[in-house]
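Architecture and fold: a report
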Amino acid sequence: MIGRVALGAVLVLGTVSGCGSGDSGESTLTVFAAASLKSVFTGLEKDFEAADPGVDVQFSFAGSSELAAQLEAGAPADVFASADQPTMDKAVHSGRITSAPATFATNVLTLVTAPGNPKGINGINDLADAALVVCAPQVPCGRATKKVADAAGVTLRPVSEESSVADVLTKVTSGQADAGFVYVTDAAGAGAKVGIVAVPEAAAAVNAYPIAVVADSKQAANARKFTELVTGPTGRAALAAAGFGAP
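Residues numbered from 1 in each chain as written. Predicted model: local features only at pLDDT ≥ 70, side-chain atom pairs only at ≥ 80, totals over all residues. Heavy atoms only, no water.

Quick notes on the overall build of the chain
The number of helices and strands found in the chain is nine helices and ten strands. Counting only residues that meet the buried cut, the chain has 48% of its 247 residues in that class. Accessible surface, the chain as shown: approximately 10900 Å² in total, 54% of it carbon and sulfur. (Helix = DSSP H or I, 4+ residues; strand = E, 2+ residues; numbered from the N terminus. Buried < 20%, exposed > 50% of the residue type's maximum accessible area, 1.4 Å probe, protein only. Areas by Shrake-Rupley, 256 points an atom, 1.4 Å probe, with all protein chains shown as cover.)

Okay, here's the thing in structure tokens:
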């Protein structure tokens, strides 16, 4: 994974070369978004750019806590969409978000396994002998996993803790782990690559997703348009189709 410093440098270079009107006459809109939003947001990109062909939307998808840390360190961005409110609060406290964030979706966790569930995992109580991967505690999906485990009254012993839900899913689909906690949207997007085990205790950890315009955005008007697309009827329909809950 690219380190924060290196990624920050890449973002700075990308902004210098892409922001404002370049040789192509386009403006670049940089969107920091939780990894679990990748499928929906890349789909909405087409709608946004079709409505305004003078804007090129560039995404940085990663764990929300990593993106918030990059914002705090000064990385340039125009929009921030987080997988939970506590992470958005960090961006607010750092001064990079000054407008009121809008909650646009909700999500819950589920267990994924290798196709066919060869370990016979039927619930959270069957994980003692499984190679389990989860999100790190500081990541929204990691905080949610802790709440789910607490609700079930179990102590999880993962073999690794990942910086994003996408990394957890990769560990399972690549055969490096027997099971992992991911969002229901990620599980649905993986299709036949995983087996899905419902976790009733997940109802105790519903993540609300907020979005906001970054305070020092050089593309404030376009940033507001993008947030309105996400929170409006088109965005809501795309989110619902991907399995996200209503805010």
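From this point, things continue past the structure.
Concerning the sheet that holds strand β5 (residues 109–113)
Taken in spatial order, the five strands make up an open sheet running β7-β6-β8-β5-β9, and their pairing is mixed. Edge positions in the open sheet fall to β7 (160–162) and β9 (195–197), since each of these has one partner strand only. Strand after strand, the sheet turns through a mean of 35° between neighbouring axes, direction not considered. (Pairing = 2+ DSSP bridges. Axes fitted to C-alpha atoms, helices over the stretch in contact; angles between N-to-C directions.)

Here's the deal with the side chain of S82
On the secondary structure map, S82 appears in the loop between β3 (79–81) and α4 (85–93). A distance of 2.8 Å separates a polar side-chain atom of S82 from the backbone oxygen of D84. (Polar contact = N/O pair within 3.5 Å; in protein donor to acceptor, adjacent residues only side chain to side chain.)

Some points on unusual backbone geometry
Its identity is not glycine, yet N117 carries a phi of approximately 50°, on the positive side. Mapped onto the fold, N117 is located in the loop between β5 and β6 (132–135). For N117, a relative accessible area of 19% corresponds to the buried category.

Quick look at the sheet that holds β3
Read from one edge to the other, the open sheet built from five strands follows the order β2-β1-β3-β10-β4, with strand pairing classed as mixed. Strand pairing shows two members of the sheet lacking a second neighbour, β2 (55–62) and β4 (102–107), which therefore form its edges. Across this sheet, the average inter-strand angle for adjacent strands is 20°, counted without regard to direction. As judged from the five bridges shared by β4 and strand β10 (residues 207–213), these two strands associate in the antiparallel manner. Bridge pairing in β10 links A105 to Y209. The strands that α4 touches are β3, β4 and β10; relative to β10, the one it contacts most, it runs at about 25°. (Contact = heavy atoms within 4.5 Å.)

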